[in-house]
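What follows is the residue order along each chain.
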Amino acid sequence: MNGNNSAVNPLPPVVAALFVVIVGIEIVFQLGTRNLIGGPGAVGWRLAAIQTYAFSGDIFDWMLANNHWPLSHLMRFVTYPFVHGSFSHALFVGVMLLAMGKMVAEVFGQIATLAIFVVSGIGGALAYALFLNDPVPLIGGFPPVYGLIGAFTFLLARSLASVGANQARAFSLIAVLMGIQLLFGLFFQIQNDWVADLAGFVTGFVLSFFVSPGGWARIRGRIRHD
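The model shown is predicted, which means the values in this text are computed figures rather than measured ones.

### Details of helix α1 (residues 13–33)
With 21 residues, α1 should reach 30 Å at 1.5 Å per residue; the first-to-last C-alpha distance of 30 Å fits that figure. Along α1, the residues that are buried comprise V14, V15, L18, I22, E26, F29, Q30 and G32. The secondary structure elements touched by the buried residues of α1 are α2 (45–53), α6 (87–108) and α7 (110–131). In the stretch just after α1, N35 is the one whose phi turns positive, near 60 degrees.

### Describing the environment of I25
By secondary structure assignment, the location of I25 is in helix α1. Note on I25: relative accessible area 27%, which makes it partly exposed. Between the alpha carbons of I25 and F82 there is a distance of 7.4 Å; along the sequence they are 57 residues apart.

### A look at a nonpolar patch on the surface
Together, L64, W69, L71, L74, L126, L130 and F131 make up a nonpolar patch on the protein surface, roughly 720 Å² of accessible area in all. Ranked by residues supplied to the nonpolar patch, first place goes to α7 with three residues. Positionally, F131 belongs in helix α7. Overall, the relative accessible area of 66% leaves F131 in the exposed class.

### Details of the pattern of salt bridges
One pass over the full model with this rule turns up two salt bridges. Across the salt bridge formed by R46 and E26, the nearest N and O atoms sit 2.7 Å from each other. Highlighted residues: R46 in helix α2 and E26 in helix α1, separated in sequence by 20 residues. Here R46 falls in the buried class, since its relative accessible area comes to 15%. Residue E26 is classed as buried on the basis of its relative accessible area of 2%. Taking the shortest distance from any N to any O, the salt bridge between K102 and E106 comes out at 2.5 Å. Pair noted here: K102 and E106 are both in helix α6, with a separation of four residues, about one helical turn. K102 sits in the partly exposed class, given a relative accessible area of 21%. Exposure remark for E106: the relative accessible area of 43% places this residue in the partly exposed category.

Procedures and definitions
- Residues numbered from 1 in each chain as written.
- Predicted model: local features only at pLDDT ≥ 70, side-chain atom pairs only at ≥ 80, totals over all residues.
- Heavy atoms only, no water.
- Helix = DSSP H or I, 4+ residues; strand = E, 2+ residues; numbered from the N terminus.
- Expected span 1.5 Å × (residues − 1).
- Buried < 20%, exposed > 50% of the residue type's maximum accessible area, 1.4 Å probe, protein only.
- Contact = heavy atoms within 4.5 Å.
- Patch = residues over 30% accessible without salt bridge, like charges linked within 9 Å, V, L, I, M, F, W, Y side chains within 5 Å.
- Areas by Shrake-Rupley, 256 points an atom, 1.4 Å probe, with all protein chains shown as cover.
- Salt bridge = Lys/Arg side-chain N within 4 Å of Asp/Glu carboxyl O.

Any functional reading would require information that these geometric values do not contain.
This is the structure we're talking about:
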């Protein structure tokens, strides 16, 4: 046995980097809230970050109506996943990112995994703006993490298909997660960000057809065959 082999596969760097950024930002907010860094003004860092980096459906509607797309607002499509409402919010996102990101990156590769994370976040924000008229800003990394769940579902469906099993079983995870959100919604008043989560899942799943290993080649082959 090779003594240099680790019993645990190392975490893909892109997943580790995303986790560090998300948790690092939250730690800064927590330290600022406790007046451990930044002075008295640090208490308002989270609110300032939400105002600057959160995705706003109202701002998107304004850009669409005026056909004016300033970079300071376009960046919100990719910055909102890194700002969270609380420590627990960031922690749950981070844990799911580590779990889903590791499984996806080990098969898809790091560039494809990063693409799924970013594009799924954009897809979630677009759905939030287009399907809703909610003035509450969208924050947090759940939409892109749900995109990674979509990629994992793609992998599971392909694995089930290879053994002739029912591919519908691959969607059990997203069904459970959406069911939990619906259950909470019956007892507690929750925000409409589940729309962004579901859109992130769909985006990640669809994108997997293109960025999975050999995916683009399979699509070109089907087009030529048709």
